[in-house]
Amino acid sequence: MDPIMLSRIQYALTTIFHFFFVPLSIGLVLLVAIMETLYVVKGKEVYKTMAKFWGKLFLINFAVGVVTGIFQEFQFGMNWSEYSRFVGDVFGAPLAIEALLAFFMESTFIGLWIFGWDRLSKKVHLACIWLVFIGTFLSALWILAANSFMQHPVGFEINNGRAEMNDFFALITNGQLLVEFPHTIFGALMTGAFVVTGISAYKLMKKQDVEIFRKSFNIAIIIGLVSSLGVAFSGHFQAQYLVETQPMKMAASEGTWTTTEDPAPWTVVAFVDPDKQENSGEIKIPGLLSYLSYSKFSGSVKGMKELQAEYEQTYGPGDYIPPVRTTFWSFRIMIAAGGLMILLAIYGTFLAMRRKLEGAGKWFMRLMVFAISLPFIANTSGWIMTEVGRQPWTVFGYMTTEAGVSPYVSAGQILFSTIAFTVTYAILGAVMVYLFVREIKAGPYAVEKPEEHDESADPFGVDGGYSVVTK
Amino acid sequence: MLSLSELWFLLIAVLFVGFFFLEGFDFGVGMSTAMIGKTDRERRTLINSIGPFWDGNEVWLITAGGAMFAAFPHWYATLFSGFYLPLVVVLLALIGRGVAFEFRSKMRHERWRKTWDIIIVVSSALLPFLFGVVFATLMKGLPIDAQMQLRPGFLDIVNPYTVVGGLSVTLLCLVHGLLFASLRTVGDLRERALNMAKKLMLPLAAILVIYAVMTYFMTDVFAVRGWALWIMVVLGAASLGLAAYFVRQKREAWAFGMTGAVIAIAFASVFIGLFPRVMVSSMGSAFDLTVYNASSGAYSLKVMTIVACTLLPFVLGYQIWSYYIFRKRLNDQHHLEY
């Protein structure tokens, strides 16, 4: 295998894996922060128990997100050194700011939150978890600023064969960022919401710790409703921006080979044949693609063949059509998962508002448990569409992915590291799922039990030997 | 006046020095769990002593990496692609170590705990060793060609000089960590940590002397920097001497400060010796990467300087605050966060 293909595979695998954990962290930490806020405001212990229980799941997940994130930063230099040389000036800046502004904040305040229950006042402790949330939020903002530059490069000029930043403000007000950030953040909040509602539904079905899980469900389903609608709307704006800035990605996501009629129909499903450059067995909804693209039921959308000809004129000879099937289907899977989540969130909110959750049909509760997988499917396929749809470019219009690879890292080295990371990540994933299941089975009240008694700690002493002794 | 690229070299140097000073002790505490933590609870106490900090300490490395990427893209690209396999190991160790702290406590099974404990010890020793090796190669020089590409052979990375460099850093972190552990614990654990640190002082001094002598003969840093490096050597030796003295006096706070000073002086010397180079080419000084030919454009550096100067006071502020919150010793009466 050649190093380019291996680097691509490695990038895809490690990024997808990393992005299982990141949105869940962002979503969960918001819910934990809300629960702890309720505890501080209302003073009811039950909210503290909730915050601690979901907090435990958050921490397991956060740990994996953090450690897999370190590789994300390093692999640009390791596998994509030419890319790093070309764009480091522009792309490196948001990464450095992400570390300075967000990572320090997350890591310091998460430490204070975990170890500070006995040492900080309630309000300061609460502030810590909110600061962790703000940290994750800022982290997403800056990493997406970097990603948006790859989708829609702005704020730079080419000097001596390198992209050099000349307008920082343009970089952080990049139109792409303005549509990509809300979409991704809503997706993350939705992930946390559906994981919490799914687990709560499971526990409610089993009639375990009903009060805690009913409350958890109610809080999460509202976040789920707001965020799933937010995802849909922001996705709509993102699609429109795509038509303007990366029409080829849009055409590939739609499987549109030739420029459509006016108004353009939306293809629900089709057999896409990239070799013959045509589709068969299409099911279409008239006018919908026009609406998605321009917010009105008129206007045609350019096809890949025309765009290919245009791109050859602009960028010289080459194949500018991304892997169409992958883009087409990942787009559809994302939309299907997202749509299903909206329906579930609406019905779930309805039940919660009517206080009919416990009387809800088993089918709904089972569906909610199954729905835990939906945000992960949607997040993953969304990113596949975004990143695969940009190919062959890594920086749209300026650098192809092939040109960005490290020239002297051998295929053997990359193969070795790909295998090493895949195995490590597989183990991490398995352990994490196992620990998650354990914590869920043990339930929220397992949290409060002291871990174990040491002979030196007198179990008959004040506080059962766990009083805080200061020296 | 400093130019912006020189300023960023200084900043990256500060980030690395900060990283080794801070994560240095949590590497050391990680290693020490095998040596002085006899029971599960003692090992947990040791881990708890660094529990609130290690993640924040690691961010110093991540920030140094990000700053290299942004301020010196060529340095970042040449170094990271050139050191491909060592970095794979570094990353795997960082990953293993990070989740081990979180995972080990989640089950009470003996084998489960033992597995994660081993990962903590091995990765905590391996990481400073590998960092030591990498920094030693930076001083010694590497085959960097005219295109700024680095294709090192095995012996370019692994040789007596770099191995001694790796061992020096590992031992230094171990002693530094033992002193941190003695600072945050009481009773037996504190005694054991201090005793172990006392025993290791002489080997540490020996290997640092060997490394300094090798550096004199095998690199050009003394020739390039002359008296500046000699001052560092004298300061380093004095700090080490004081560390040994304070350990004997059982004044672990001062001793910890002194081993920290040795770490800071050692890594500061690396950057002083390199400057204005960031990577020395063994194929001729014309191919050296320097702060001038490897850096980003002036605009980018200016933006980053403004951002960094605005944010750093806050970062330092809350990090210091978090150390202040967790300043008290952990004893075995304590409720430990698992």
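Structure: see above.
Residues numbered from 1 in each chain as written. Chains lettered and ligands numbered in written order. Predicted model: local features only at pLDDT ≥ 70, side-chain atom pairs only at ≥ 80, totals over all residues. Heavy atoms only, no water.

Colleague: Before we go on, may I ask you to explain the packing of aromatic side chains in this structure?
Modeller: The geometry of an aromatic ring pair is captured by the separation of the ring centres together with the interplanar angle, meaning the angle of the planes. One pass over the full model with this rule turns up 77 aromatic pairs over all chains. Measuring from ring centre to ring centre gives 6.2 Å for Tyr347 of chain A and Phe350 of chain A, while their planes differ by 25 degrees; the resulting arrangement is stacked. A residue pair is termed a helical-turn pair when its members lie 3 or 4 positions apart in one helix, as Tyr347 of chain A and Phe350 of chain A do in helix α11 (residues 324-353) at three residues. Among the aromatic residues, those joined into a cluster by ring pairs are Phe9, Phe16, Phe19, Phe20, Phe27, Phe72, Trp75, Phe131, Phe135, Phe267, Phe271 and Phe275 of chain B. The ring of Phe328 of chain A is capped by Arg332 of chain A, whose NZ or CZ atom sits 3.8 Å from the centre of that ring. Above the ring of Tyr324 of chain B, the side-chain terminus of Arg327 of chain B is found at 4.1 Å from the ring centroid. (Phe/Tyr/Trp six-rings, centres within 6.5 Å; stacked < 30°, edge-to-face > 60°. Helix = DSSP H or I, 4+ residues; strand = E, 2+ residues; numbered from the N terminus. Lys NZ or Arg CZ within 6 Å of the ring centre and 35° of its normal.)

Colleague: Help me understand the interface of chain A and chain B, please; the structure alone is not making it clear to me.
Modeller: Put simply, an interface is often sized by how much accessible area is lost when its parts join up. Contacts between the two partners involve 86 residues from chain A, matched on the other side by 76 residues from chain B. One can count zero salt bridges joining chain A with chain B. On inspection of chain A and its partner chain B, the count reaches 17 residue pairs in polar contact (both at pLDDT 80 or more). Elements that contribute at least two residues to the side of chain A that touches chain B include exactly α2 (45-79), α3 (81-115), β2 (162-165) and α14 (411-442) of chain A. Looking at the side of chain A that touches chain B residue by residue, the class counts come to 50 nonpolar, 20 polar and 16 charged. (Contact = heavy atoms within 4.5 Å. Salt bridge = Lys/Arg side-chain N within 4 Å of Asp/Glu carboxyl O. Polar contact = N/O pair within 3.5 Å; in protein donor to acceptor, adjacent residues only side chain to side chain. Nonpolar A, V, L, I, M, F, W, Y, C, P; charged D, E, K, R; others polar.)

Colleague: Teacher, can you tell me more about the pairing of β2 of chain A here?
Modeller: Successive residues of a regular strand alternate their side chains across the two faces of the sheet. Residue and element names in this part refer to chain A. Residues Arg162 and Glu164 of β2 are buried on one face, and the alternating residues Ala163 and Met165, pointing to the opposite face, are buried as well. Sheet analysis places strand β1 (residues 156-159) next to β2, joined by four bridges and oriented antiparallel. Following the sheet pairing, Glu157 is matched in β2 by Glu164. The antiparallel hairpin formed by β1 and β2 contains two residues in its connecting segment, where Asn160 sits at a positive phi of about 45 degrees. (Buried < 20%, exposed > 50% of the residue type's maximum accessible area, 1.4 Å probe, protein only. Pairing = 2+ DSSP bridges.)

Colleague: How should I be thinking about the side chain of Lys203 of chain A in this particular structure?
Modeller: All names here are of chain A. One can find Lys203 in helix α6 (residues 175-205). Within the buried core, Lys203 has no salt-bridge partner, and the shortest N-O distance to an opposite charge, that of Asp209, equals 5.1 Å. Not counting residues within four places of it along the chain, the set of residues in contact with Lys203 comprises Gln208, Phe213, Ile440, Lys441 and Gly443. (Lys, Arg positive; Asp, Glu negative; His and termini not counted.)

Colleague: Honestly, the nonpolar core in this entry has me stumped. Any pointers?
Modeller: Nonpolar side chains in soluble globular proteins tend to end up buried together. Trp54 of chain A together with Trp75, Phe103 and Met279 of chain B are the most contacted members of the largest nonpolar core, which has 250 residues in total. Of the residues forming this core, the biggest block, 21 residues, is contributed by α3 of chain A. Residues in contact with Phe103 of chain B, not counting those within four places in the same chain, are Ile60, Val64, Leu428, Val431 and Leu435 of chain A together with Trp112 and Trp116 of chain B. Counting residues in hydrophobic clusters, the runner-up holds 15 residues, among them Val272, Ile321, Phe328 and Trp393 of chain A. (Core = buried A, V, L, I, M, F, W, Y, C linked by side-chain atoms within 4.5 Å.)

Colleague: I tried to follow a nonpolar patch on the surface on my own but got confused; where do I start?
Modeller: Residues and elements named next belong to chain A. Where nonpolar side chains cluster on the molecular surface, the patch consists of Leu340, Leu343, Tyr347, Phe350, Trp363, Leu367 and Phe370 and spans about 680 Å² of accessible area. Those elements that place two or more of their residues in the nonpolar patch are α11 and α12 (362-370). The leading source of residues in the nonpolar patch is α11, at four residues. Taking the relative accessible area as the measure of exposure, Phe350 reaches 38% and is therefore partly exposed. (Patch = residues over 30% accessible without salt bridge, like charges linked within 9 Å, V, L, I, M, F, W, Y side chains within 5 Å. Areas by Shrake-Rupley, 256 points an atom, 1.4 Å probe, with all protein chains shown as cover.)

Colleague: Help me understand the environment of Val29 of chain B, please; the structure alone is not making it clear to me.
Modeller: Residue and element names in this part refer to chain B. Locating Val29 in the fold gives a position in helix α1 (residues 4-36). C-alpha of Val29 to C-alpha of Ser182: the two residues are 153 residues apart in sequence and 9.8 Å apart in space. Setting aside anything within four residues of it in sequence, one finds Val29 in contact with Leu46, Ser49, Ile50, Gly177, Phe180 and Ala181.

Colleague: I tried to follow the packing of α2 of chain A against α3 of chain A on my own but got confused; where do I start?
Modeller: Residue and element names in this part refer to chain A. Look at α2 against α3: their axes get within 11 Å of each other, and the N-to-C directions meet at 155 degrees. Looking at the two axes, α2 sits roughly antiparallel to α3. As α2 packs across α3, the resulting crossing turns out to be left-handed. Between α2 and α3, the residues in contact are Ala51, Gly55, Phe58, Leu59, Phe62, Phe76, Gly77 and Asn79 and Ser81, Tyr83, Ser84, Phe91, Leu95, Glu106, Ile110, Trp113 and Ile114, respectively. Partitioning the contact of α2 with α3 into residue classes produces eleven nonpolar, five polar and one charged. (Axes fitted to C-alpha atoms, helices over the stretch in contact; angles between N-to-C directions. Parallel < 35°, antiparallel > 145°, perpendicular 65-115°, else oblique. Left-handed = near helix turned anticlockwise from the far one by under 90°.)

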